[in-house]
Amino acid sequence: MTCQRGIELMERVLTMVVMAGLLSACAQKKATTWKIFPLQRNTPHDGLAVVSQPDGYGVHLYLETDTSDPAVCAPRWLPDPARLFNGNGSAPFSSGLAPRSEFFAAVNRREVRNTLKQELEALCKLRAPQARWQWLEPPLKPSELTPVSLPALEYPDLLTDPVEEKEREDKLLKEN
């Protein structure tokens, strides 16, 4: 009788171990799937969706070009992607901001970089058809980011002080 109980207990434990292994294998496979597809923002080829989570979440990479030199068109990297929703559904969309760490996780994947290269080359052909296409690798870690230099603000570009503006309004109202 005791030997029979031991065998039954071993069968149950073995069944539970096999079932747990199968369930964890299914969960791992689902978690590691990545889906990459163009997701237009304003014009064709100006956005790329990267679904990195099994529930359809991911990042929407905004694609931009640098045409400051009219003879060359190259990628301009924007490391602040939008949050992608419904990436596995029929109507994916983006909203808000995703962490930069997700941008770096996405561009560190070879298939994402290959798709980025294709989409950015097509975007350059649309925006600067006469320019030569030049591929520049995306930054793969925060230390590789270079800030975009923008022109300095001039005095006419600045807003007036709200307190001074309110005083001028009050003065004008009192005069009338």
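Reading the values: the criteria
- Residues numbered from 1 in each chain as written.
- Predicted model: local features only at pLDDT ≥ 70, side-chain atom pairs only at ≥ 80, totals over all residues.
- Heavy atoms only, no water.
- Helix = DSSP H or I, 4+ residues; strand = E, 2+ residues; numbered from the N terminus.
- Buried < 20%, exposed > 50% of the residue type's maximum accessible area, 1.4 Å probe, protein only.
- Areas by Shrake-Rupley, 256 points an atom, 1.4 Å probe, with all protein chains shown as cover.
- Pairing = 2+ DSSP bridges.
- Axes fitted to C-alpha atoms, helices over the stretch in contact; angles between N-to-C directions.
- Phe/Tyr/Trp six-rings, centres within 6.5 Å; stacked < 30°, edge-to-face > 60°.
- Lys NZ or Arg CZ within 6 Å of the ring centre and 35° of its normal.
- 1 Å grid on protein atoms, 1.4 Å probe; cavity = no way out; pocket = protein on both sides within 12 Å on 5 of 7 lines; lining within 4 Å.
- Points joined across faces, edges and corners; volume = space filled by probe spheres on them.
- Nonpolar A, V, L, I, M, F, W, Y, C, P; charged D, E, K, R; others polar.

1. So, the overall build of the protein
Then step 1. In terms of helices and strands, the protein carries four helices and eight strands.
Then step 2. Element order for the protein, N to C, with α for helix and β for strand: α-β-β-β-β-β-β-β-α-α-β-α.
Then step 3. Scored against the burial criterion, the 176 residues of the protein give a buried share of 26%.
Then step 4. Total accessible area on the protein stands at roughly 12600 Å², and carbon and sulfur atoms take up 58% of it.

2. Focus: the sheet that holds strand 3 (residues 58-62)
Then step 1. Ordered in space as 1-2-3-6-7, the five strands form an open sheet in which the pairing is antiparallel. Either end of the sheet is taken by a strand with one partner, and the two such strands are strand 1 (35-38) and strand 7 (93-95). Within this sheet the neighbouring strands show an average axis-to-axis angle of 30 degrees, counted without direction.
Then step 2. Pairing analysis gives four bridges linking strand 1 to strand 2 (residues 47-51), with the strands arranged antiparallel. Its bridge partner being in strand 2, Pro-38 is matched across the sheet by Leu-48.

3. Points about the pairing of strand 6 (residues 82-85)
Then step 1. Here three bridges tie strand 3 to strand 6, and the two strands are oriented antiparallel to one another. Across the sheet, His-60 pairs through a bridge with Ala-82, a residue of strand 6.

4. A short note on the packing of aromatic side chains
Then step 1. Scanning the model with the defined rule gives five aromatic pairs in all.
Then step 2. Their ring planes at 40 degrees and their centres at 6.2 Å tell us that Trp-133 and Trp-135 sit as a pair that is tilted.
Then step 3. Of the residues examined, Trp-135 reaches a relative accessible area of 19% and is grouped as buried.
Then step 4. By way of ring pairs, the aromatic residues Tyr-57, Phe-85 and Phe-93 are connected into one cluster.
Then step 5. We note Arg-41 situated over the ring of Tyr-62; from NZ or CZ to the ring centre the distance is 4.3 Å.

5. Some points on the layout of surface pockets
The rolling of a water-molecule-sized probe over the atoms marks out the regions of remaining empty space.
Then step 1. Volume-wise, the largest pocket comes out at about 370 Å³.
Then step 2. As for the largest pocket, its lining consists of 17 residues, and the residues nearest its centre are Arg-76, Trp-77, Thr-146, Pro-147 and Val-148.
Then step 3. Broken down by class, the residue content of the lining of the largest pocket amounts to ten nonpolar, one polar and six charged.

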